[in-house]
Amino acid sequence: MKIRTVIKLPGHKPAVMLMENSLESFQKFVGGKIETVMFFSDCSVICNEEWRYLGMKKNMKLLGVEFGGPVILVGTAGEEFDSLTEEQAQRIMRMIK
């Protein structure tokens with residue numbers, strides 16, 4: 001099942017993207033093992049947990065936390081990833097210009 005996400009590549013503006021809600025899809029996008037950081041009760045960032053060791057470029061700072069390499073922002077429903085609402089996606093895009 002595809003979910004609405006916000007993606008951000010280093011040096012690029014964020015964009016809304018429909019993405020398959022699977023570990024394999026997330027790992028492929030971030031280029032390796034994923035790490036998740038919950039920022040709000042309904043939103044998490046998915047990134048490559050080894051971005052520093054792999055020499056990936058810095059990407060963004062969100063609420064004081066630095067991320068590198070490609071990142072995905074997703075909705076959360078309990079322990080599961082979920083689609084962002086259009087409102088959530090727009091709010092996130094304004095935050096991470």
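Nothing here was measured: the structure is a model prediction, and the numbers come from that model. (Residues numbered from 1 in each chain as written. Predicted model: local features only at pLDDT ≥ 70, side-chain atom pairs only at ≥ 80, totals over all residues. Heavy atoms only, no water.)

A. Here's a closer look at helix H2 (residues 86-95). When H2 is considered as a whole, its buried residues turn out to be Gln88, Ala89 and Ile92. The buried side chains of H2 occupy one side of the element, clustering within an arc of 100° when seen end-on. Exposed residues lying more than 90 degrees from the buried face of H2 are Glu87 and Arg94. On its buried face, H2 sits against strand E1 (2-8), strand E2 (15-20), strand E4 (43-48) and strand E7 (71-77). (Buried < 20%, exposed > 50% of the residue type's maximum accessible area, 1.4 Å probe, protein only. Helix = DSSP H or I, 4+ residues; strand = E, 2+ residues; numbered from the N terminus. Arc of directions from axis to C-beta. Contact = heavy atoms within 4.5 Å.)

B. Geometry of the pattern of salt bridges. Evaluated as defined, the whole model comprises three salt bridges. Close ionic contact of Arg52 with Glu66 constitutes a salt bridge, the shortest N to O distance being 4.0 Å. Here Arg52 is found in the loop between E4 and strand E5 (58-62), whereas its partner Glu66 is found in strand E6 (residues 65-68), with 14 residues between them in sequence. Overall, the relative accessible area of 27% leaves Glu66 in the partly exposed class. The partner of Glu66 in a salt bridge is Lys58, and the shortest N-O contact between them spans 3.9 Å. Given the relative accessible area of 58%, Lys58 is considered exposed. (Salt bridge = Lys/Arg side-chain N within 4 Å of Asp/Glu carboxyl O.)

C. Region of the structure containing the nonpolar core. Leu62, Phe67 and Leu73 are the most contacted members of the largest nonpolar core, which totals 14 residues. For this core, the secondary structure elements donating two or more residues are E4, E5, E7 and H2. At three residues, the largest contribution of residues to this core is made by E4. In this structure, Ile3, Val30, Ile34 and Ile72 belong to the second largest nonpolar core, which totals nine residues. (Core = buried A, V, L, I, M, F, W, Y, C linked by side-chain atoms within 4.5 Å.)

D. How the structure looks around unusual backbone geometry. Positive phi outside glycine occurs at Leu63, with the angle close to 50°. The class of Leu63 is exposed, set by a relative accessible area of 56%.

E. Representation of the packing of aromatic side chains in the model. Throughout the structure, instances matching the rule amount to two aromatic pairs. Ring geometry for Phe26 versus Phe81: centroids 5.4 Å apart, planes at 90°, classification edge-to-face. Note that Phe26 is positioned in helix H1 (residues 23-30) and Phe81 in strand E8 (residues 80-82), a separation of 55 residues in sequence. On the accessibility criterion, Phe26 (1% relative accessible area) is buried. Phe81 sits in the partly exposed class, given a relative accessible area of 24%. One cation-aromatic arrangement involves Arg91 over Phe40; the distance from NZ or CZ to the ring centre is 5.7 Å. (Phe/Tyr/Trp six-rings, centres within 6.5 Å; stacked < 30°, edge-to-face > 60°. Lys NZ or Arg CZ within 6 Å of the ring centre and 35° of its normal.)

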